[in-house]
Amino acid sequence: MLEEINSALCGVLLPCVIFLVGMFFTIKLRGFYLLHPIRSARRALNASGGLRPLCVALAGTLGVGNIVGVASAISIGGAGAVFWMIFSALIAMGVKYAETHLAVKHRRGSFGQYYGGAPYYISDSFKGRGGVILGSIFAILCVVNSLSTGNLVQVNSIIPVLGGNKLIWGLALALGVFSIVCGGQRRIENACSFIIPTLTILYVILSLYIIFSNFSGLCVAISSIFRCAFSFKSALSGACGFGISSALRYGFSRGLLSNEAGCGTSATAHASSSSDATSQGCLGVFEVFWDTVVLCTLTSLVILISGESNDEPIMLAISAYSTFTGALGGGFIATACVIFALATLVCQFYYGMRALEFISSSRVTKCVYSIVFLVVCVISSIISNDIMWSISDFIVCALALYNMVFLIKLSKEVKM
């Protein structure tokens, strides 16, 4: 039942909405970030105190989405899914800019101590109690997302790599998350600022080495991406034709899982910055570019060049890298997946807590959420893989569709 709903949401409605909303903001902003990437980068780098929020936001997106999500998209939707991941990212840049811009513009706080996110600009879009209710609905979805996509997917995806007793690993991850989040926002930012840049650079270097060492395979891989993306067979793989083709559906849904553009979740991290809305908006665009256009593309090319196949997405990624670099490369990818997942868990806990604070600032409520989050870490280690992805796809789609309604409503405020 849930899979049928996801087919309609992720395969038909979501791609159409992202395309229309993304094109709307691209035209409204005159494609500034696409036509003038250097000037956009300069604006992003001028963001005062903006790099820490960026690292936190990247921690929420890098990892399972870039490695396991890509492998899952290719194994289910074929090589053509890669094209639609990149296409969705380019279109979604306008959406990412808009939600980040609005989050900063509607943030709360003063003297360099700020907080905010989608629930706040959604609340401000309507006066009175109606706005608070609408913002609370999104906050509830965000909390659920932190427990599903931000927790369930992360833990469940890396368990096959760890081996041994699943429950013990679930407990270990829960303790790892607790040791970081108990230090508050500053410790979360410090952890993400160290983990993300270091691990990402090493991952890029290894991927580029493999790709350019196998140039002939690269040409074949690129050819298969375009051939499968527009093939007649792919277009008719769903009951409603091209709209729910495997390549399109999984390209869009896994792309959204990776960069979170349109979901409104990473806007929470950007809202904590003391810089202006335009600079943070450009950082948001960079986030999508780096996450999906660069890292997801590198992962997908290595997998396609290797020619490996595996029903377990994370094992597919590891075996692909191991094909060219042996046990050392495979071990690095396995380690990277675990560390990326831990960083994402910490970041998503932060998103969920901030969303919960919009509804209630009660210490009891926060304590209950913290306990539930850690318990889900343990439960996630033994839950079915199919159920995990179905729940994740549904929550991500619901968040994005709900959020983009308010992005359009507040579109007059979005400027370069």
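Up top is the structure these notes are about.
As a starting point, this report considers the structure included with it. Quick caveat: nothing in here was measured; it's all calculated off a predicted structure.

The rules we used
Residues numbered from 1 in each chain as written. Predicted model: local features only at pLDDT ≥ 70, side-chain atom pairs only at ≥ 80, totals over all residues. Heavy atoms only, no water. Patch = residues over 30% accessible without salt bridge, like charges linked within 9 Å, V, L, I, M, F, W, Y side chains within 5 Å. Areas by Shrake-Rupley, 256 points an atom, 1.4 Å probe, with all protein chains shown as cover. Salt bridge = Lys/Arg side-chain N within 4 Å of Asp/Glu carboxyl O. Helix = DSSP H or I, 4+ residues; strand = E, 2+ residues; numbered from the N terminus. Core = buried A, V, L, I, M, F, W, Y, C linked by side-chain atoms within 4.5 Å. Buried < 20%, exposed > 50% of the residue type's maximum accessible area, 1.4 Å probe, protein only. Contact = heavy atoms within 4.5 Å. Expected span 1.5 Å × (residues − 1). Bend = angle between axes of the 7 residues up to and from the residue. Axes fitted to C-alpha atoms, helices over the stretch in contact; angles between N-to-C directions. Parallel < 35°, antiparallel > 145°, perpendicular 65-115°, else oblique. Phe/Tyr/Trp six-rings, centres within 6.5 Å; stacked < 30°, edge-to-face > 60°. Lys NZ or Arg CZ within 6 Å of the ring centre and 35° of its normal.

## A word on a nonpolar patch on the surface
Next up, step 1: Judged by side-chain polarity, Leu-34, Leu-35 and Leu-90 come together as a nonpolar surface patch covering roughly 280 Å² of accessible area.
Next up, step 2: Mapped onto the elements, Leu-34 comes out in helix 2 (residues 32-35).

## Some words on the nonpolar core
Next up, step 1: Ranked by internal contacts, the top residues of the largest apolar core, which has 111 residues, are Tyr-121, Ile-333, Tyr-369, Phe-373 and Met-404.
Next up, step 2: The biggest single contributor to this core is helix 16 (residues 313-359), with 21 residues.
Next up, step 3: Sequence-distant contacts of Tyr-121, defined by excluding residues within four places in its chain, comprise Glu-99, Leu-102, Ala-103, His-106, Gly-264, Asn-403, Leu-407 and Leu-410.

## Quick notes on the pattern of salt bridges
Next up, step 1: Using the criterion set out here, one finds four salt bridges in the structure.
Next up, step 2: The salt bridge involving Arg-108 is made with Asp-124; its shortest N-O contact spans 3.1 Å. Pair noted here: Arg-108 is in strand 1 (residues 108-110) and Asp-124 is in helix 7 (residues 118-124), with a separation of 16 residues, a long-range link.
Next up, step 3: When its relative accessible area of 35% is taken as the criterion, Asp-124 is described as partly exposed.
Next up, step 4: The closest approach of N and O atoms between Glu-357 and Lys-366, which form a salt bridge, is 3.4 Å.
Next up, step 5: Since its relative accessible area comes to 24%, Glu-357 is described here as partly exposed.
Next up, step 6: Residues participating in the shared-partner salt-bridge network are Arg-354, Glu-357 and Lys-366.

## Notes on helix 16
Next up, step 1: The terminal C-alpha atoms of helix 16, which comprises 47 residues, lie only 36 Å apart, well short of the 69 Å expected from a rise of 1.5 Å per residue.
Next up, step 2: Of all the bends in helix 16, the greatest measures close to 145° and is centred on Thr-325.

## Some details on the packing of helix 5 (residues 68-77) against helix 6 (residues 80-105)
Next up, step 1: Across the interface, helix 5 lies against helix 6 with an axial gap of 8 Å and an inter-helix angle of 130°. Classed by the angle they form, the pair helix 5 and helix 6 counts as oblique. Only Gly-80, Ala-81, Val-82 and Met-85 of helix 6 make contact with helix 5, whose side of the interface consists of Val-70, Ala-73, Ile-74 and Gly-77.

## Section: the environment of Val-396
Next up, step 1: Within the secondary structure layout, Val-396 lies in helix 18 (residues 385-409).
Next up, step 2: Between the C-alpha atoms of Val-396 and Leu-14, which are 382 residues apart in sequence, the distance is 10.0 Å.

## Thoughts on the packing of aromatic side chains
Next up, step 1: The full count for this structure, using the stated rule, is 14 aromatic pairs.
Next up, step 2: Note on Tyr-350 and Tyr-351: the rings are 6.2 Å apart at their centroids and 45° apart in plane angle, and the pair reads as tilted.
Next up, step 3: By way of ring pairs, the aromatic residues Phe-19, Phe-83, Phe-87 and Phe-226 are connected into one cluster.
Next up, step 4: Positioned above the aromatic ring of Tyr-114, the side-chain terminus of Arg-107 is 4.1 Å from the ring centre.
Next up, step 5: Over the face of the ring belonging to Phe-126 we find Lys-409, whose NZ or CZ atom lies 4.5 Å from the ring centre.

Without other data, these values stay purely geometric and don't point to any function.
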